[in-house]
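For reference, the chains in residue letters:
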Amino acid sequence: MERKFVFGVAVSGYNFTGRKAETERLLTDFRNGVNVILMSPRRLGKTSLVRHVCGLVSPTELITVYVDIFGCKTEYEFYNKLAAAVLQQTASRKELWLEEAKDFIYRLSPKISFSPDPNIQFSVSLGISPKTHTPEEILSLVEQIAERKGKRIVVCIDEFQQIGEIADSKQVQARLRSVWQHQQRTSYCLFGSKHHLMGSIFLNRSMPFYQFGDLIVLDKISTADWTDYIVTHFADGNRSISPTLAAEICTLVDNYSAYVQQLSWLVFTLTKEGDTVTRAHLQAAMNELLATNDILFMQMVEPLSEYQMNFIRAIIDGINDNFGRSQVREKYRLGSYSNINRLKKALLERDIITVKGDEITLTDPVFGKWFERKMMV
Ligand SMILES: Nc1ncnc2c1ncn2[C@@H]1O[C@H](COP(=O)(O)OP(=O)(O)OP(=O)(O)O)[C@@H](O)[C@H]1O
Ligand SMILES: [Mg+2]
């Protein structure tokens, strides 16, 4: 049975809504071999969008490869993941991919292990190391496959911010860019969250990936798209919700994708077949949403210093810029002028705040609501 509302994993089909303009833009980029950089705060829908677009192109038109590099700590861990994904996902017959890949892996002894996860049949570690392949050999593999097949390939790399955290990151980035930029048949879609990391890779003039491609900062899904989605999904579950209350669900969580689905689900579970949703249901569900996230948010604030907590208090009170002003520093007890930059940096690194131009906001709106209730003294 289809779940009415899904949160926490990438969504598709029945659970996917909106994103028309972004889908078109990505499709056009993919079809024309334009590199894409896609960034947004966590849980807004990057993975869902890219997978959606990959599902729309037919393999006769172009081949898409998807790889998630979360957890890669070294350059060669990254190469192993990349090569395995490229070999598996470009093979013409899935079961024969090892056979097709033998030119590349004859120097290796791949280990195949069966996964306890029923959704994944097996995982492969190719065992690529500096002794078996140079970075250039691995990075050229995809282009060679594209040439052999006479097709374009788009390689989509999820959680790309991880590249910023591996050892010798800048050199690795320079190596990737120098190979990738000369490839004719292969293009890349690089996406991830944590604005400060993605920003330091792509928005910094002195870094190799500066101006690498079409930069897309993912927006929130519009209230109109959400309202349609929520109203019809309630109706599918034999419940009714007015467009006004559906729109209020969005407002309560500032249109933050995962939370819109989670809050809708909580409202759904508070009602029975035949019910009509009321504002009281929304209030109760919102309380539950805050309660569900309590442990998570507690963990977020636990390591913070009193100064950092005060900084968050100031934002919740509506201060969004010029934290260095003496009235602001005194009122919120933020310490000296020079302390402000340190506080900003620490909260950015924890992804608690987002900086756009001069404006500072909290990254997670529900965290903001929780903080306001629990931590404002
Ligand atoms: N287009 C969409 N339609 C409906 N719900 C969506 C959509 N995109 C995202 N969501 C909601 O947001 C949640 C997170 O989506 P997704 O994993 O794609 O985001 P992400 O930006 O890749 O997150 P992360 O930063 O954690 O990798 C989904 O589980 C779903 O609840
Ligand atoms: Mg994702």
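Residues numbered from 1 in each chain as written. Chains lettered and ligands numbered in written order. Predicted model: local features only at pLDDT ≥ 70, side-chain atom pairs only at ≥ 80, totals over all residues. Heavy atoms only, no water.

**Q** Any chance you could break down the environment of Y307 for me, citing the residues and the numbers?
**A** Structurally, Y307 is set in helix α14 (residues 306-316). The class for Y307 is partly exposed, based on a relative accessible area of 41%. In contact with Y307, not counting residues within four places along its chain, are R333, L334, G335, N339 and L343. (Helix = DSSP H or I, 4+ residues; strand = E, 2+ residues; numbered from the N terminus. Buried < 20%, exposed > 50% of the residue type's maximum accessible area, 1.4 Å probe, protein only. Contact = heavy atoms within 4.5 Å.)

**Q** Talk me through helix α7 (residues 169-180); I want residue IDs and the actual numbers.
**A** For α7, which comprises twelve residues, the first-to-last C-alpha distance of 16 Å matches the rise-based estimate of 16 Å (1.5 Å per residue) to within 8%. By the burial criterion, the buried members of α7 are S169, V172, Q173, L176, R177, V179 and W180. End-on view of α7: buried residues confined to an arc of 170 degrees, all on one side of the axis. Against the buried residues of α7 lie α3 (75-90), α6 (135-149), β5 (152-158), β6 (186-192) and α8 (195-202). (Expected span 1.5 Å × (residues − 1). Arc of directions from axis to C-beta.)

**Q** An account of the nonpolar core is needed here, citing residue identities and associated values.
**A** Formed by 51 residues in total, the largest nonpolar core has its most connected members in I230, F311 and F323. Sequence-distant contacts of I230, defined by excluding residues within four places in its chain, comprise F5, I241, A246, I249, C250, V260 and S264. (Core = buried A, V, L, I, M, F, W, Y, C linked by side-chain atoms within 4.5 Å.)

**Q** A description of a nonpolar patch on the surface should follow, citing residues and the corresponding values.
**A** Taken together, L203, L215 and V217 make up a surface patch of nonpolar side chains, about 230 Å² in accessible area. Inspection of the secondary structure assignment puts L215 in strand β7 (residues 214-217). (Patch = residues over 30% accessible without salt bridge, like charges linked within 9 Å, V, L, I, M, F, W, Y side chains within 5 Å. Areas by Shrake-Rupley, 256 points an atom, 1.4 Å probe, with all protein chains shown as cover. Salt bridge = Lys/Arg side-chain N within 4 Å of Asp/Glu carboxyl O.)

**Q** Could you give an account of the pairing of β7, naming the residues involved and the relevant values?
**A** In β7, alternate side chains face the same way, and those of D214 and I216 are buried while those of L215 and V217 on the opposite face are not. Bridge count for strand β1 (residues 36-39) against β7 is four bridges, and the pairing is parallel. Along β7, the bridge assignment pairs M39 with V217. (Pairing = 2+ DSSP bridges.)

**Q** Which residues make up the packing of aromatic side chains, and what values go with them?
**A** One pass over the structure, following the stated rule, counts 22 aromatic pairs. Between Y256 and Y259, the aromatic rings sit 5.7 Å apart at their centres with planes inclined by 35 degrees, giving tilted as the arrangement. In this structure Y259 comes out as buried when scored by relative accessible area, which is 8%. A cation sits over an aromatic face here: R3 above W265, 4.8 Å from the ring centre. (Phe/Tyr/Trp six-rings, centres within 6.5 Å; stacked < 30°, edge-to-face > 60°. Lys NZ or Arg CZ within 6 Å of the ring centre and 35° of its normal.)

**Q** Outline the site of ligand 1, supporting the account with residue identities and numerical values.
**A** Around ligand 1 there are 24 residues in total, and V6, V9, R43, K46 and S48 lie nearest to it. In the model, an oxygen atom of ligand 1 is placed 2.6 Å from a nitrogen or oxygen of the R43 side chain. Between ligand 1 and the protein, one listed contact pairs an oxygen atom with a side-chain N or O atom of E159 at 3.4 Å. Relative to its unbound accessible area of 620 Å², ligand 1 is 98% covered by the protein chains. The set of elements that each furnish at least two residues to the shell around ligand 1 consists of α2 (46-56) and α11 (257-270). Of the residues assigned to the shell around ligand 1, the class counts are ten nonpolar, nine polar and five charged. (Near = heavy atom within 4 Å. Polar contact = N/O pair within 3.5 Å; in protein donor to acceptor, adjacent residues only side chain to side chain. Nonpolar A, V, L, I, M, F, W, Y, C, P; charged D, E, K, R; others polar.)

**Q** So what's going on with the packing of helix α9 (residues 223-236) against helix α10 (residues 243-252)? Residues and values would help.
**A** The geometry of α9 relative to α10 is characterised by a closest axis approach of 9 Å and an angle of 120 degrees between their N-to-C directions. Of the possible angle classes, the one that applies to α9 and α10 is oblique. Of the two possible hands of crossing, α9 and α10 adopt the one that is right-handed. Residues T223, W226, T227, I230 and V231 of α9 pack against P243, A246, A247, I249 and C250 of α10. (Axes fitted to C-alpha atoms, helices over the stretch in contact; angles between N-to-C directions. Parallel < 35°, antiparallel > 145°, perpendicular 65-115°, else oblique. Left-handed = near helix turned anticlockwise from the far one by under 90°.)

**Q** Describe the side chain of N310, with residues and values.
**A** Mapped onto the elements of the fold, N310 is located in helix α14. Not counting residues within four places of it along the chain, the set of residues in contact with N310 comprises Y332, R333 and L334.

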